[in-house]
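# Chains, contacts and geometry: an overview
The primary structure of each chain is shown beneath.
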Amino acid sequence: MSSAQIEIQLIASLVAIACAIPGTFLVLRKMALITDAISHSILPGIVIGFFITHDLSSPLLIILAAASGVITVILVEFIQKTGLVKEDTAIGLVFPALFSIGIILIAQNANDVHLDIDAVLLGELAFAPFDRLILEGADVGPKSLWIIGSILLITLGLLFAFFKELKVSTFDAGLASALGLSPIVMHYGLMTISSITTVGAFDAVGAILVIALMIAPAATAYLLTNDLKKMLLLSVLFGVSSAIGGYWMAHALDTSISGSMTTVLGLVFLFVYLFAPDKGLFSVLYRQKQQRIEVSLLTFLLHLGNHKEEEERHVKHLNEHINWQKVQSKSVLDLALKNNMITIDNDIVSLTNKGKNFTTEAIDYILTNKNSEIENMKDRFFLFRG
Amino acid sequence: MENKIAVQIDDLTVAYNYKPVLWDIDLAIPEGVLMAIVGPNGAGKSTLIKSILDIIKPIAGSIQIYGKSYKKQRSLVAYVPQKGSVDWDFPTTALDVVMMGTYGSLGWIKRPGQKEKKAALEALEKVGMLSFKNRQISQLSGGQQQRIFLARALVQNASIYFMDEPFQGVDATTEKAIINILKELRKAGKTVIVVHHDLQTVPEYFDWVTFLNVKKIATGPVKDIFNDDNLTKTYGINYKVSVQG
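Residues numbered from 1 in each chain as written. Chains lettered and ligands numbered in written order. Predicted model: local features only at pLDDT ≥ 70, side-chain atom pairs only at ≥ 80, totals over all residues. Heavy atoms only, no water.

Moving on, we come to the confidence of the model for chain A. Chain-level statistics for chain A give a pLDDT mean of 85 and a share of 89% at 70 or above. Taken element by element, the predicted model of chain A shows its lowest mean pLDDT in helix H16 (residues 371–381) of chain A (52) and its highest in helix H10 (residues 228–253) of chain A (96). (pLDDT = per-residue confidence, 0-100. Helix = DSSP H or I, 4+ residues; strand = E, 2+ residues; numbered from the N terminus.)

Now for the sheet that holds strand E8 (residues 208–213) of chain B. All names here are of chain B. Spatially, E5-E6-E7-E3-E8-E9 is the arrangement adopted by the 6 strands of the open sheet, whose pairing is mixed. Among the strands making up the open sheet, the edge pair consists of strand E5 (77–80) and strand E9 (215–221). Taking the axes of each pair of neighbouring strands and ignoring which way they run, one obtains an average angle of 15° across the sheet. Inspection of the sheet shows strand E6 (residues 160–164) paired to strand E7 (residues 191–195) by 5 bridges, in the parallel sense. Its bridge partner being in E7, Asp 164 is matched across the sheet by Val 195. Contacts from helix H10 (residues 228–235) reach strand E3 (34–38), E8 and E9, with the element oriented near 30° to E8. (Pairing = 2+ DSSP bridges. Axes fitted to C-alpha atoms, helices over the stretch in contact; angles between N-to-C directions. Contact = heavy atoms within 4.5 Å.)

Okay, the interface of chain A and chain B next. The partner chain B presents 37 residues to the 31 residues of chain A that form the contact. Of the roughly 2,900 Å² buried between chain A and chain B on both sides combined, carbon and sulfur atoms contribute 60%. Here chain A is connected to chain B by 3 salt bridges. Across the salt bridge formed by Asp172(A) and Arg152(B), the nearest N and O atoms sit 2.7 Å from each other. Residue contributions to the side of chain A that touches chain B peak at 10 residues, all from helix H7 (residues 143–171) of chain A. Here the side of chain A that touches chain B is composed, by residue class, of 15 nonpolar, 8 polar and 8 charged. (Buried area = accessible area lost by both parts, 1.4 Å probe. Salt bridge = Lys/Arg side-chain N within 4 Å of Asp/Glu carboxyl O. Nonpolar A, V, L, I, M, F, W, Y, C, P; charged D, E, K, R; others polar.)

It is worth spelling out the pairing of strand E1 (residues 132–135) of chain A at this point. Residue and element names in this part refer to chain A. Where E1 and strand E2 (residues 138–142) come together, 3 bridges link them in antiparallel fashion. Opposite Ile 134, over in E2, you have Asp 139 as the bridge partner. Counted along the chain from E1 to the antiparallel partner E2, the turn is 2 residues long, and its residue Glu 136 has a positive phi close to 45°.

With that settled, the discussion passes to the pattern of salt bridges. By the definition in use, this model includes 11 salt bridges over all chains. For Asp87(B), the salt bridge identified is with Lys30(A), shortest N-O distance 2.7 Å. Residue Asp87(B) is located in the loop between E5 and helix H3 (94–99), and its partner Lys30(A) is located in the loop between helix H1 (3–28) and helix H2 (32–41); the two belong to separate chains. Residue Lys71(B) is joined to Asp54(B) by a salt bridge in which the shortest nitrogen-to-oxygen separation is 3.5 Å. Highlighted residues: Lys71(B) in helix H2 (residues 70–73) and Asp54(B) in the loop between helix H1 (45–52) and strand E4 (60–65), separated in sequence by 17 residues.

Turning our eyes to something else, we now look at the packing of aromatic side chains. Counted according to the given criterion, the structure contains 12 aromatic pairs over all chains. Where Phe271(A) meets Phe275(A), the ring centres are 4.9 Å apart and the plane angle is 50°; that geometry is what we call tilted. With a gap of 4 residues between them, Phe271(A) and Phe275(A) both fall in helix H11 (residues 257–275), about one helical turn apart. Taken together, the ring pairs connect Phe171(A), Trp88(B), Phe90(B) and Phe149(B) into an aromatic cluster. Its end group placed over the ring of Phe149(B), Arg152(B) keeps NZ or CZ at 4.2 Å from the ring centre. (Phe/Tyr/Trp six-rings, centres within 6.5 Å; stacked < 30°, edge-to-face > 60°. Lys NZ or Arg CZ within 6 Å of the ring centre and 35° of its normal.)

Moving on: the packing of H2(A) against helix H4 (residues 59–81) of chain A. All names here are of chain A. Axis separation between H2 and H4 bottoms out at 8 Å; the angle between their running directions is 130°. Here H2 is positioned oblique relative to H4, judged by the angle of their axes. Viewed along their axes, H2 and H4 form a crossing whose handedness is right-handed. Each of Ile 34, Ala 37, Ile 38 and Ser 41 in H2 lies in contact with H4, whose residues at this interface are Ser 68, Gly 69, Thr 72, Val 73 and Val 76. Residue composition of the contact of H2 with H4, grouped by class: 5 nonpolar, 4 polar and no charged. (Parallel < 35°, antiparallel > 145°, perpendicular 65-115°, else oblique. Left-handed = near helix turned anticlockwise from the far one by under 90°.)

Here it is in structure tokens:
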């Protein structure tokens, strides 16, 4: 690996971490769409900053862009508060307006400034190592690395300091407010950090990938854990691994780095969405199938318990008497047999003692829903679960 | 005899988009009562609580907790919001939610430690939820979630408790368990204020009641003012409830 390659991967990883942290809270606050808005509407801030400083990595430019990000949020909330339109409409109104101001500014001054829309939208990570930070004549590394590194440090510092406040205001803003832990400060703090991170990452990965890096890793992590700290760690992990994986994919296919990273992010999400242990699609489908069998089994056992007459308990009659279109009667019979709940004698099905007890207990559980007994009931009742 | 005033509200008016939701409310809640706030949907019951807790800014009037503003008396007040006001899919455990009750006394930045954890475990024990402490909150039933919220308020060890519909969507067992805890709080000299929907249970559960429908209709001891007259004034239709003793 050349030093440029290492630098690119390092920048991409830091960007991924810096995005994953605010992204986690944005996903939990159901504010994913606002990052889309911010990433576009910071354009006028960038352009104006660039006109003043003629330097894409100047701190003034970052401050102006972050300010236009926060203005976006304020405008969206203002329009929403009128009660005339909903939040999504308000977002859809605000960010194209600000974005178009940026585009007009660029187009009008296209001859004087070296700033094109493609670079802004897609970014060009491959060029990042060429723009060096020179301190007293010494080359200390790519500018982007220093910018995103500083933003990441600030983000991490704020996260450690205000983790508790962020958590409570995200989960229950009313309580946070009553406790005096101002959820409004947390809200605008998070919006400011998201804006700053977006600007910092912008130069390297462009407006589109910034959204992906904020939302996709957090959404993926959300499917895998029920613990906020683990969710943050997993988001960071998914972000970094997709960033590095995307880089090598681009290397292999000789294509756009940011495009490849976004693709990898999407593929990782798809994989987890399908195969996550609890919340994944296959696991949900499997659980639904098992529930269907459980309910059928219980219906079947109930029927047996209610009927002493033999014709009602004949294997062939059971198909007609119990509505079993969705579950094969054979699988229910097999299951009941396997668990020693029934015996079959000359095609006549009878409940065993175990089957009788199980049925009574299960009915009791369903009718009373006694919370205290759920724990020990569960293992016996839900036969298929771990 | 209750004589000390826990919550004093004068001329309170709250409006959303210039439409008054609460209009010129005067209300004095004596210390040590277990009070129900009743009124139809949209009467401003939750808004009243949220205004007292400084979550909503009123356009006029003043609210005092033991003679001072809420900001100065925060530590004396605990709050149980409506269960539906939060996302129960949030990635956290029952114990962690209860710990949030300690965040107020901790103040900014400081993290909860062993002392806070112990208090949270005790509160969980009180509401009968200790064995669920590590359960992810989405895996709890509606009644269990409400108990967790109650435990979170208990952990604040406050003097005044505000509860927004604590019996909504809970089973009968949980309702009994919650009301018993509220009665214990009153016995310990605390003031408990509950937004309540089930008029039938008012005489059994509460000793004080406030009728609210944008304006305050009446407030006082249940045995004196919980009658058809006030119910009709509040709900606007002829209301008949059998009021015992």
